[in-house]
Amino acid sequence: MIALASASPRRRELLAQLQQDFVLVKGEIDETQLAGETADQYVLRLAEQKAQAGYQSQLLPLPTLGADTIVQVDELVLGKPVDLADFKRMMMLLSGRSHWVKTAVAIATAQGLVSTTVATKVWFKALSEQEILWYWTTGEPVDKAGGYGIQGLAGQFVQRIDGSYFAVVGLPLYETAQLLQTLKDRQ
């Protein structure tokens, strides 16, 4: 049994695919990117802090998994869109080119942290203004890093990926299973 420090329904579904029993805990942190922090440092810090916050929130702490996903275009990290204008800006940055989706996973225990980051390259087709507006009106982009979910309607914009599909969705299954196995091996 572990604890999952995430409000993401996608992460809950993916963790369940590993047939891992879990309870939900709060892993709320300040998600502001620090000055000078690279995308890799940022996503790993968020995952580790979520795992630690979730671990510390429990009376009888279970090993606690935290994760975070970011979308990176060049050196720019795209968060969740705050409004239509922000969403349009993101989609224009993604349109007709490749970008990176990085998901970090961390597990906090009494012995410390184990963590990993998975980077996947994603190629978007060129998007028309009409497609961008249509996608916004579906409501799907609002709570997603980079303004899209590959597992949903935006899947039709993705020409190809190089890396882990599940990392793009929000929890890389292979790497998460490896971290969980590392914990079992320590027992």
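Residues numbered from 1 in each chain as written. Predicted model: local features only at pLDDT ≥ 70, side-chain atom pairs only at ≥ 80, totals over all residues. Heavy atoms only, no water.

**Points about the overall build of the protein**
Looking only at helices and strands, the protein has six helices and seven strands in total. When the helices and strands of the protein are listed from N to C terminus, the series reads β-α-β-α-β-β-α-β-β-α-β-α-α. Its C-alpha atoms give the protein a radius of gyration of 17 Å, within 12% of the compact-globule value 16 Å for 187 residues. Along the first, second and third principal axes, the C-alpha atoms of the protein reach 55 × 35 × 25 Å. Counting all 187 residues of the protein, 47% fall into the buried class. Nonlocal contacts in the protein, meaning residues at least 24 apart in sequence, comprise 64% of its contacts between residues at least 6 apart. Element-wise, carbon and sulfur atoms account for 51% of the exposed surface of the protein, whose accessible area totals about 9300 Å². (Helix = DSSP H or I, 4+ residues; strand = E, 2+ residues; numbered from the N terminus. Rg over C-alpha atoms; globule rule 2.2 N^0.38 Å. Buried < 20%, exposed > 50% of the residue type's maximum accessible area, 1.4 Å probe, protein only. Contact = heavy atoms within 4.5 Å. Areas by Shrake-Rupley, 256 points an atom, 1.4 Å probe, with all protein chains shown as cover.)

**Overview of the confidence of the model for the protein**
Interpretation of this model should avoid reading the predicted coordinates in detail wherever pLDDT is low. In this model, the protein carries an average pLDDT of 95, and 100% of its residues clear a pLDDT of 70 or more. Per-element averaging of pLDDT across the protein places helix H6 (residues 173-186) at the bottom with 92 and strand S7 (residues 158-162) at the top with 98. (pLDDT = per-residue confidence, 0-100.)

**Focus on helix H2 (residues 39-56)**
Counted at 1.5 Å a residue, the expected span for H2 with its 18 residues is 26 Å, and the 26 Å between its end C-alpha atoms agrees. Turning to H2, its buried residues are Ala39, Tyr42, Val43, Arg45, Leu46, Ala47, Lys50, Ala51, Gly54 and Tyr55. On the buried face of H2, the contacting elements are strand S3 (64-73), strand S4 (76-78), strand S5 (98-109) and strand S6 (112-124). (Expected span 1.5 Å × (residues − 1).)

**A closer look at the packing of aromatic side chains**
Under the defined criterion, the tally for this structure stands at eight aromatic pairs. Ring centres 6.1 Å apart and planes at 35° place the aromatic pair Trp134 and Tyr135 in the tilted group. Of the residues examined, Tyr135 reaches a relative accessible area of 0% and is grouped as buried. Ring centres of Trp134 and Phe157 lie 6.5 Å apart, and the angle between their planes is 85°; on these two criteria the pair is classed as edge-to-face. Here Trp134, found in helix H4 (residues 129-137), pairs with Phe157, found in the loop between H4 and S7; they are 23 residues apart in sequence, far enough to count as distant. By relative accessible area, which is 36% here, Trp134 ends up partly exposed. One aromatic cluster is present, built from ring pairs that chain together Phe87, Phe124, Trp134, Tyr135, Trp136, Tyr148 and Phe157. Lying across the ring of Trp123, Arg160 places its NZ or CZ 3.7 Å from the centre. (Phe/Tyr/Trp six-rings, centres within 6.5 Å; stacked < 30°, edge-to-face > 60°. Lys NZ or Arg CZ within 6 Å of the ring centre and 35° of its normal.)

**Things to note about the pattern of salt bridges**
All chains considered together, the criterion is met by ten salt bridges. Among the salt bridges present, the one from Lys50 reaches Asp68, with a minimum N-O distance of 2.5 Å. Taken together, the residues Lys50 in helix H2 and Asp68 in strand S3 connect sequence positions 18 residues apart. Given a relative accessible area of 10%, Lys50 falls into the buried group. Under the relative-accessibility criterion, Asp68 is labelled buried at 6%. Each of Glu31, Lys50 and Asp68 takes part in one network of salt bridges that share partners. (Salt bridge = Lys/Arg side-chain N within 4 Å of Asp/Glu carboxyl O.)

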